[in-house]
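Observations on the three-dimensional arrangement
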Amino acid sequence: MQHNKLEILHLTKRFGEKTLFEDLNLTVEEPAVLWAPSGWGKTTLLRVLMGLETPTSGSVQGVGRVSAVFQEDRLCPQLNAVQNVALVLPGLETQYKEQIETCFQQLGLDLTALVLPARKLSGGQKRRVALLRALLAPSDTLLLDEPFTGMDPETLQKAAALIRERGGGKNVLLATHDRDAIAALGWPVIQLAE
Amino acid sequence: MKQTKKSRLWLAAVVFWLVVWQGAAMAIGQEVFLVSPLQAFGTLVQLLPQAEFWQRVAFSAGHILLGFVLGGVCSVLLAVAAERWLWVDAMLAPVMQLVKATPVASFIILALVWVSGKSLSILISFLMVLPVLYGAVRTGLESADPQLLEMARVFRLPLGRRVKAIWLPAVLPAFRQGCSVALGICWKSGVAAEVIGLPDGSIGDALYRAKITLSTGELFAWTFVIIVLSAAFEKLFLALLDKAVARVLGEEAV
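These numbers come from a predicted model, not from an experiment.

Here the focus is the overall build of chain A. Scanning chain A for helices and strands turns up seven helices and eight strands. For 194 residues, the compact-globule formula gives about 16 Å, and the C-alpha radius of gyration of chain A, at 17 Å, lands near that figure. Per-residue burial for chain A yields a buried fraction of 53% across its 194 residues. Partitioning the intrachain contacts of chain A with sequence separation of at least 6 by distance along the chain shows that 69% fall at a separation of at least 24. Approximately 8500 Å² of chain A is accessible, and the part contributed by carbon and sulfur atoms is 48%.

Let us look at unusual backbone geometry. Of note in the backbone geometry, A:His10 takes a positive phi value of approximately 50° without being a glycine. Summarising the element assignment, A:His10 is placed in strand β1 (residues 6-15). For A:His10, a relative accessible area of 46% gives the class partly exposed. The backbone of B:Leu198 sits at a positive phi, close to 50°, despite the residue not being glycine. Mapped onto the elements, B:Leu198 comes out in the loop between α8 (159-197) and α9 (203-212).

Residue and element names in this part refer to chain A. A large share of strand β6 (residues 141-145) lies buried, amounting to five of its five residues. Along β6, one buried face is formed by Thr141, Leu143 and Asp145 and the opposite face, lined by Leu142 and Leu144, is buried too. When strand β5 (residues 66-69) meets β6, the two strands line up parallel, connected through four bridges. In the sheet register, alanine 68 faces β6, and the bridge partner there is leucine 143. Bridge count between β6 and strand β7 (residues 171-175): five bridges; the pairing is parallel. Looking across to β7, one finds that leucine 144 is bridged to leucine 174.

Quick look at the nonpolar core now. Counting 83 residues, the largest nonpolar core has A:Ile100, A:Phe148 and A:Leu173 as its most contacted members. It is helix α5 (residues 123-136) of chain A that provides the largest number of residues to this core, a total of seven residues. What A:Ile100 contacts, discounting residues up to four positions off in sequence, is A:Val82, A:Val85, A:Ala86, A:Leu89, A:Leu132 and A:Leu136. In terms of nonpolar packing, the next biggest core, distinct from the first, is built from 52 residues, B:Ala81, B:Val88, B:Leu238 and B:Val245 among them.

Residue and element names in this part refer to chain A. Tracing the sequence through the fold places threonine 141 in strand β6. Taking relative accessible area as the criterion, threonine 141 reaches 0% and is therefore assigned buried. For the pair threonine 141 and glycine 64, spaced 77 residues apart in the sequence, the C-alpha separation amounts to 6.6 Å. Ignoring anything within four residues of it in the chain, the contact list for threonine 141 reads Leu6, Gly62, Val63, Arg65, Val66, Ser67 and Asn171. Only 2.5 Å separates the side chain of threonine 141 from the backbone oxygen of valine 63, close enough to count as a polar contact.

What follows deals with the sheet that holds strand β4 (residues 57-61) of chain A. Residues and elements named next belong to chain A. Pairing in this open sheet of three strands is antiparallel, and the strands run β2-β1-β4 from one edge to the other. Each having just a single partner strand, β2 (18-28) and β4 make up the two edges of the open sheet. Averaged over all pairs of adjacent strands, the angle between their axes in this sheet comes to 20°, without regard to strand direction. As paired strands, β1 and β4 are joined by four bridges and run antiparallel to one another. Residue pairing across strands places isoleucine 8 opposite valine 60, the latter belonging to β4. Relative to the sheet, helix α1 (residues 42-50) contacts β1, β2 and β4, its axis offset from that of β1 by approximately 120°.

Across seven bridges, β1(A) lies against β2(A) in antiparallel orientation. Bridge pairing links A:Phe15 to A:Lys18 in β2(A).

A word on the packing of aromatic side chains. Taken as a whole and assessed by the stated rule, the structure comprises eight aromatic pairs over all chains. Seen in terms of ring centroids, A:Phe21 and A:Trp40 are 5.3 Å apart; in terms of plane orientation they differ by 20°. Their pairing is stacked. Of this pair, A:Phe21 sits in strand β2 while A:Trp40 is found in the loop between β3 (32-35) and α1, placing the two residues 19 residues apart along the sequence. In textbook terms, an aromatic cluster arises when at least three aromatic residues are bridged by ring pairs, as seen for B:Phe53, B:Trp54 and B:Trp222.

As annotated by UniProt and renumbered to match this structure, "domain: ABC transmembrane type-1" (unreviewed entry) occupies residues 53-237 of chain B. Along residues 53-237 of chain B one finds 89% helix and 0% strand; the C-alpha atoms at either end are 23 Å apart.

Turning our attention to the side chain of B:Arg138. Mapped onto the elements, B:Arg138 comes out in helix α6 (residues 117-142). Ignoring any residue separated from it by four or fewer positions in sequence, one finds B:Arg138 in contact with B:Ala79, B:Ala82, B:Glu83 and B:Asp89.

About the criteria used
- Residues numbered from 1 in each chain as written.
- Chains lettered and ligands numbered in written order.
- Predicted model: local features only at pLDDT ≥ 70, side-chain atom pairs only at ≥ 80, totals over all residues.
- Heavy atoms only, no water.
- Helix = DSSP H or I, 4+ residues; strand = E, 2+ residues; numbered from the N terminus.
- Rg over C-alpha atoms; globule rule 2.2 N^0.38 Å.
- Buried < 20%, exposed > 50% of the residue type's maximum accessible area, 1.4 Å probe, protein only.
- Contact = heavy atoms within 4.5 Å.
- Areas by Shrake-Rupley, 256 points an atom, 1.4 Å probe, with all protein chains shown as cover.
- Pairing = 2+ DSSP bridges.
- Core = buried A, V, L, I, M, F, W, Y, C linked by side-chain atoms within 4.5 Å.
- Polar contact = N/O pair within 3.5 Å; in protein donor to acceptor, adjacent residues only side chain to side chain.
- Axes fitted to C-alpha atoms, helices over the stretch in contact; angles between N-to-C directions.
- Phe/Tyr/Trp six-rings, centres within 6.5 Å; stacked < 30°, edge-to-face > 60°.
- UniProt positions renumbered as here; feature names shortened; annotations may be inferred.

If you want it as structure tokens, here you go:
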């Protein structure tokens, strides 16, 4: 499926005196990994792309509808894993239940965990729910902020495989520090700083 | 085990105060000033089989609870509007402050100029409930998780889903607490309004008649009825609300 390329044009973001990034220009035509040292402003850049932060100057084009894994899991604590994912999908939960359960199994989440409210899941389980929510939601752009946090190496491989499978046909930007994750994805790395 | 001990202690405290009351009544020896708990209970037993008793209960409960429901609905609508638009918040702030600070007796006397004695308890319980539930709903709305609200914005969740998944879980616990307080207040203020407005066939009217005929036994019996009604409606309403909260938040949240 053809999609608009994502363009970041002369983007600058300052918080008071502090400049996070200045005159940033990027064109994303294929899924890519964003890499930068801590504190560079990757999360802020993703928040600008999500429309949650206004840039000091510059613009972004071709973002369209966004789905995301945030820095935090941001799950509704009273809903179970399936309900959290179905929440962002059009139509009824029952339509997707089977598909969601299959994807969770691909991510190594057992069926007993799926019926628990999100507040009872472990950190790694919550991360997988947040990831699947982003992957299944209808979107033009997929923004993933450290989506592998709390996952063991085996789960990381499974998650990377699912991201590669479901991210096709979309603009995908994935911010991570994890070298194993970068290797597992095999995507080009956009290095934002030395 | 702990709960049983607590219940026993509570029961012991009740018995203790009933004994104190009985002792005081016997010491005073004047029924007009203080009836004994046994006499008050006897009067209540005499009232119970009378159709007029139940008509009064139905009249007062109907009016007071209608005021409560109207207050509840208005407080939710106004709180949502105030949360959404700053000017509504600014406009309502002094009104709510005024309603909270004004003595209920002033409202009752003022309101008697505008409405009939029959509708007075509806208006008064409405006015007393409004600021309590308005404040509770505002507190709940303000406690909604901003990170979840951002998530809803990014994923473009429809309003209905935002309400069910984010707003209701935030508001319902605070609303429940507000209802518990408001139900007690609306019974107290509603009956006070009836005592002053004297609508025929109300509990307030019965209380007033008991006072002017120096029937202290009836006065105590009706007071007991008001306390029981207030507690019963509170328990019933909160049980229903808890069911709703459990459905929205999940069984184990309550």
